[in-house]
Each structure stands twice: as C-alpha cells, then as structure tokens.
Amino acid sequence: MDNQIDSSDLAPGTKKQHKATLNHVIGFGKIKQFSDLTERNIRLFDDYLHEHINAQSSIYGQHKRLKKWVRMALHNGLIEKDPYLLLTFNPGNINTIRYLSQQELEKLEKTTMPNAKLDRVRDVFLFCCYTGLAYHEVKNLVFSQISQDDENIVWIAGSRDKVAGNKNTGASGEYFVPLSKRALAIIDKYIGTNGKY
C-alpha cells in the first residue's frame, strides 16, 4: 500500500491519527498491497494492535480509520470485497463527557497558579469553556476576529476547520460567538484592550 495519505481536507489532529494508523499498518507488515486486505489479515492486525496498544477504545480507533481506507479502496475498485464485512470489534469503554459546574469553573478561575505558564494554560481552558470554541480555534484566534456591535456586544467571528475543510458538507462552518464578561476579562488580560475592540 502507498504510505502517503491524501490529507488535504483533514484537521491537523485527524492527520496525526491517520498517520499513527498508517504506522501501525507498516509495523504490522502483512498489509503491503490492496490484495493483502483480507479478513484473515484484519484479524491478525487486531492481534498485533492488542500487543502494542493497551486501551480497547484506541484499538477500535485504528480499525475505524483502516476501515475508512478499505471503503475508499472498495469504492475506487481497488479491492472486490470488504474484509470488514463480517468482522466486528469491541469499541471499548467510551467515557461519558462530564462537564464542569459553574462553581467548579469559578474555583478554577480563582485558583492561584504556581507559575505564568500554568496560569496561561488555565486561562486558555477557561476561555474555551466560556466561548464553546475548540482549543485549536482559540490557539489560532487573531484580534481581527473580535468586533463590537452597535449594542456594545463583543463577538468573535470565524470558521470551524473541520466543517469548512469538508467540501462535501455544503456548510460554511462560520460561527459568531458573543463574549461573556469572563471571556472578555481573559482577552483584556492578554491583549490589554481596556474595553476597546
């Protein structure tokens, strides 16, 4: 199999996951051509993954990505049969997301951090919580995305990478997030706007 992945439409984190799966396929060593995508080799690949990965949910993720490649190969006529057709794998324990309460957020906000680096990490986390933005969106945030309307409401405008990068969704992925006082306080702390946006 070609060890290059067409990743032009993938977010950086997703590219990293696909690269990890590709490295596992290469390390396994028995799937080198499309004709090697057999049910037997997929079972052996599962055994290989169990020797190298502890968490069942992570193993399931490797299969999920390989299965996507298999479906693409099937769609493009590179293989005649889906080796995953009669196979099922345990997804493992998928942890339920537990959200922080308002009291927990306030406690974190008031906690004195031992150094400036941890203080900044805490503030970025809180900013994500207060805005609903993902970490990579906050990381790439620029001042020009922040504006104030006629009613003095401050907004962040941008586009979500995963939606905007997927040409098949038909969605623009644009978002407009009004900023709460707590989110504005974090911006003021690092940009020093003094209420002028």
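Counting restarts for each chain: residues are numbered from 1 in the order of the written sequence. In view of the model being predicted, local features appear only for residues whose pLDDT reaches at least 70, and side-chain atom pairs are presented and counted only at 80 or more, with totals across whole chains, interfaces and linings using the full set of residues. The side-chain quantities take in all heavy atoms of the structure and omit both hydrogens and water.

A. The pattern of salt bridges, seen in detail. Salt bridges, as used here, are contacts in which a Lys or Arg side-chain nitrogen is within 4 Å of a carboxyl oxygen on Asp or Glu. Evaluation of the coordinates by the stated rule reveals eight salt bridges. Between Glu106 and Arg182 there is a salt bridge, and its shortest N-O distance comes to 3.2 Å. Of this pair, Glu106 sits in helix 4 (residues 102-110) while Arg182 sits in helix 8 (residues 181-191), and the two are 76 residues apart along the sequence. Any residue under 20% of the maximum accessible area for its type is buried, any over 50% is exposed, and the rest in between are partly exposed; the area is computed with a 1.4 Å probe on protein chains only. Here Arg182 falls in the partly exposed class, since its relative accessible area comes to 32%. Between Arg182 and Glu109 there is a salt bridge, and its shortest N-O distance comes to 3.2 Å. One end of the pair, Arg182, is in helix 8; the other, Glu109, is in helix 4, with 73 residues separating them in the sequence. The partly exposed category is assigned to Glu109, whose relative accessible area is 29%. One continuous salt-bridge network, built from bridges that share partners, spans Asp119, Arg122, Asp123 and Lys189. Segments assigned H or I by DSSP are reported as helices when at least four residues long, segments assigned E as strands when at least two residues long, and all are numbered from the N terminus.

B. Region of interest: the pairing of strand 2 (residues 154-159). Of the two faces of strand 2, the one lined by Val154, Ile156 and Gly158 is fully buried and the one lined by Trp155, Ala157 and Ser159 carries no buried residue. Pairing between strands is defined by DSSP: at least two bridges between the two strands are required. Note that strand 1 (residues 146-148) and strand 2 share three bridges and pair antiparallel. Counted as the bridge partner of Ile146 is Ile156 from strand 2. With antiparallel pairing between neighbouring strands as the criterion, strand 1 and strand 2 make up a hairpin whose turn holds five residues, including Asn152 at a positive phi of roughly 65 degrees.

C. Local environment of the sheet that holds strand 1. What the three strands build is an open sheet, ordered 1-2-3; its pairing is antiparallel. This sheet does not close on itself; its edge strands, each paired only once, are strand 1 and strand 3 (174-178). The sheet shows a mean angle of 30 degrees between the axes of neighbouring strands, taken without regard to direction. To get an axis, fit a line to the C-alpha atoms, keeping to the stretch in contact for a helix; angles then go from 0 to 180 degrees between the N-to-C directions.

D. Quick peek at the environment of Ile186. Topologically, Ile186 is positioned in helix 8. Given a relative accessible area of 11%, Ile186 falls into the buried group. Put simply, Ile186 and Phe127 are 59 residues apart on the chain and 7.0 Å apart in space, counted from C-alpha to C-alpha. Residue contacts follow a heavy-atom distance rule, with two residues in contact if any of their heavy atoms lie within 4.5 Å. Among all residues touching Ile186, those that are not within four sequence positions of it are Asp123, Leu126, Phe127 and Tyr130.

E. View of the packing of helix 2 (residues 39-52) against helix 3 (residues 56-75). Viewed as axis vectors pointing N to C, helix 2 and helix 3 meet at an angle of 145 degrees, and their least axial separation amounts to 10 Å. Of the two elements, helix 2 crosses helix 3, and the hand of that crossing is right-handed. Facing Ile42, Phe45, Asp46, Leu49 and His50 of helix 2, the residues of helix 3 in contact are Gln56, Ile59, Gln62, His63 and Leu66. Here the residues of the contact of helix 2 with helix 3 sort into five nonpolar, four polar and one charged. Crossings are sorted by hand: turned counterclockwise from the far helix by less than a right angle, the near helix makes the crossing left-handed, and turned clockwise it makes it right-handed. Note on residue categories: nonpolar means Ala, Val, Leu, Ile, Met, Phe, Trp, Tyr, Cys or Pro, charged means Asp, Glu, Lys or Arg, and polar means any other residue, Gly included.

F. A look at the nonpolar core. Core analysis: the largest hydrophobic core is formed by 19 residues, its most contacted members being Ile42, Phe45 and Leu66. Those elements that place two or more of their residues in this core are helix 1 (12-28), helix 2 and helix 3. Per-element tally for this core: the top contributor is helix 3, with five residues. Once residues lying within four places of it in the same chain are set aside, the contact partners of Ile42 are Ile31, Leu37, His63, Leu66, Pro83, Tyr84, Leu87 and Phe89. Among the nonpolar cores identified, the runner-up in size contains 17 residues, and Leu126, Val154, Ile156 and Ile186 belong to it. For the purposes of this section, nonpolar cores are sets of buried Ala, Val, Leu, Ile, Met, Phe, Trp, Tyr and Cys residues that join through side-chain atoms within 4.5 Å.

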